[in-house]
Amino acid sequence: MSILIKLFPLILLPIIMLIFLLSAALSESRVYDEITHVNAGYEFVVHHDFRFDPFNPPFARELIALPAILNKNAVFSDLTLFWPRFVVITFTLGLGFLVYLFSKKLYGKSGALLALFLFILEPNILANGHYAQSDIIFTFFYILTIYTYYEWQNSFTPRKIIVFGILIGLLLSTKTTALLFLFFPLTILLIKKYHFKNLLNITSIKHKLLFALLFFVSCSLSLWGTYFFKFEPLPGNRFDANRPAIKIAQYDNLVKFALNQPFPLGSYISSIKQQFVYNYSGLYRRDSMIMGNISHNGHSGYYFIPLIFIKTPFPLLILFFTTLFIFRKRVVSDSILLIPIISIIILVIATNATIVYRYILPVIPLIIIYSSQTVLLKTKHNYFKVIALSVVIAWYMIESISSFPHFISYINLTLGGYKKGYSYVFDSNYDWGQGLIKLKQYQDNNPKQKLQLAYFGDTSPSAYGISYERLRNYHSSTDGKPHHELKISKNTTVAISGTCWYLCGYYDNPKLKNKRPTEIIGGSILIFKF
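Report on the accompanying structure. Since the structure is predicted, the reported quantities are computational estimates derived from the model, not experimental observations. (Residues numbered from 1 in each chain as written. Predicted model: local features only at pLDDT ≥ 70, side-chain atom pairs only at ≥ 80, totals over all residues. Heavy atoms only, no water.)

### A look at the packing of aromatic side chains
To keep things clear, this is the line we draw: For this analysis, a ring pair means two rings from Phe, Tyr or Trp (six-membered ring only for Trp) whose centres lie within 6.5 Å, classed as stacked if their planes differ by under 30 degrees, edge-to-face if by over 60, and tilted for the remaining angles. In this text, helices come from DSSP runs of H or I with a minimum length of four residues, and strands from runs of E with a minimum of two, each type numbered from the N-terminal end. Residue exposure (1.4 Å probe, protein chains only): buried if accessible area is under 20% of the type maximum, exposed if over 50%, otherwise partly exposed.
Within this structure, the stated rule accounts for 31 aromatic pairs. Their ring planes at 10° and their centres at 5.2 Å tell us that tyrosine 32 and phenylalanine 456 sit as a pair that is stacked. With tyrosine 32 in the loop between α1 (2-27) and α2 (34-47) and phenylalanine 456 in the loop between β5 (450-454) and β6 (469-470), this pair connects stretches of sequence that are 424 residues apart. Residue classification places tyrosine 32 among the buried positions, given a relative accessible area of 19%. Residue classification places phenylalanine 456 among the buried residues on the basis of a relative accessible area of 4%. Between phenylalanine 138 and phenylalanine 181, the aromatic rings sit 6.2 Å apart at their centres with planes inclined by 35°, giving tilted as the arrangement. Linking phenylalanine 138 in helix α8 (residues 135-152) with phenylalanine 181 in helix α10 (residues 177-199), this pair joins segments that are 43 residues apart in sequence. Taken individually, phenylalanine 138 and phenylalanine 181 each receive the classification buried, so the pair is uniform in this respect. Cluster of aromatic residues (ring-pair linked, three or more members): Tyr149, Trp152, Phe156, Phe164 and Phe215.

Given below as structure tokens:
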């Protein structure tokens, strides 16, 4: 009986998280690029064709597409993409298990329970933890890599080096950002551990070279294995006449050689190149909005700072900074967590990445683990610690539940919550196209209202049974409907996705700019009744 009592929180907390994740997955329409990820993963696994989506490595999407490989028709006809989403849900639960293990190793059982509690209610984890996207899978392998290094840093053997290399190879194949997010913190941790003098110690140079060789080979083979050991050209195997590389090859023999000479990991190198081109060439439109400031070429990386305060629950930030102050003398011993946190935030600021919160998702579990050591705080009046922690936890619970089940729309309640979110951010920070199921329910409950809709997403509202007149939006119609300008008449409901509100200029429309939405459907679709 005592064992069951001890295990009860470890059973109950993941069940609560599973209920949240399943509820969200079943109540939200497909979000932007979900079907693209499943399609890409299917092409990668079945046809070994990596041209379908050249911007990221394949491993995460291969995992997401596994249900489609087993039953393609059932998966692609499902408007919630439940089974690909369920793959991601399993990784989210696995990530929670890692957070518990890591916290227990660092701060004991009470710290681990606090970390697990904070994790299962973190709205950004819940948001990305049920979509058929690569961010949670990337975060899972990132935390697993950091945890494995921590466990093995004093006991690396040739066998462990090989396993560690395989793990990093898989991590690198989840997202291109893994290369930067891992290289800098791991390099700093290694230098901190072994120092330059020890790294250059001649007596052990052969030993280090052997380990380096084993690591490089195992990592490379692991990464290449996710490409099914396919040889492809370094610039990518896409022979589009409009590609700059094709035009340059007409007069540059080196580029011509690279286009026609297959290499191991050619597609991986191409994806890194493609991300660089996307972010820095100016050839791609990168829409971004933060606090009403719109840019079509991306914002400066410094805008990530206000985004962090808009999207990260204030109670969690309070816990983190309080812990940082109280345990400031432990900074060196906590560097296994703090170095990756600081490195990732500096990198996204320095590289001018698109202002998207999910890009820094690995930071959240690390912050949670670090903050969980508050339970170790010893005070003269212990009841004060209990009261203060209880208040912060209660506040945290209210913050998280406030956006249920549309966690992607989470905004700090102090800033107005999801009802004000459209004035702060858009796209995957708030509105990713998740609200069509709820919009259909709204229309069924208001059958006499004529619906005009400006929708942000890559799926068809008609597929969900929504009858509407299409307003001008960001993308071409997904169901062949011509777009119309806003027309106000009696018994008209105007529904505008939060992203379209700013991106399509409706915020400045004279018929709408002085009018507040009567309600917000699906966390992000603004409803105006006339």
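Read on for the rest.
### Comments concerning the nonpolar core
Cut-off, in case you're wondering: What makes a nonpolar core is a set of buried Ala, Val, Leu, Ile, Met, Phe, Trp, Tyr and Cys residues whose side-chain atoms join them at distances within 4.5 Å. Any pair of residues with heavy atoms lying within 4.5 Å of one another is described as a contacting pair.
Core analysis: the biggest nonpolar cluster contains 136 residues, and Phe102, Phe141, Tyr142, Leu337, Ile496 and Trp501 have the highest contact counts within it. No other element matches the 19 residues that helix α6 (residues 82-120) contributes to this core. If we ignore the near neighbours within four places in the chain, the residues touching phenylalanine 102 are Ile143, Ile146, Tyr147, Tyr150, Ile336, Leu337 and Ile369. Core analysis: the second largest hydrophobic core is formed by 14 residues, Tyr442, Leu451, Leu453 and Ala495 among them.

### Observations regarding the pairing of β5
Defined as follows: Pairs of strands are assigned from DSSP output, requiring at least two bridges between the strands.
Burial analysis of β5 places 4 of its 5 residues in the buried class, which makes it a mostly covered element. Sheet topology places β5 next to strand β7 (residues 492-497); 5 bridges connect them, and they run parallel. Across the sheet, lysine 450 pairs through a bridge with threonine 492, a residue of β7. Alignment of β5 against β6, held across 2 bridges, turns out to be parallel. By the bridge assignment for β6, leucine 453 is matched with arginine 470.

### With respect to the pairing of strand β9 (residues 525-529)
Among the 5 residues of β9, 4 are classified as buried, and the element is accordingly described as predominantly covered. Here β7 pairs with β9 via 5 bridges, running antiparallel. Opposite valine 494, over in β9, you have phenylalanine 528 as the bridge partner. Two elements, strand β8 (residues 519-521) and β9, share 3 bridges in a ladder whose sense is antiparallel. By the bridge assignment, isoleucine 520 is partnered in β9 with leucine 526. Here β8 folds back onto β9, and the loop between the two strands holds 3 residues, one of which, glycine 522, carries a positive phi near 65°.

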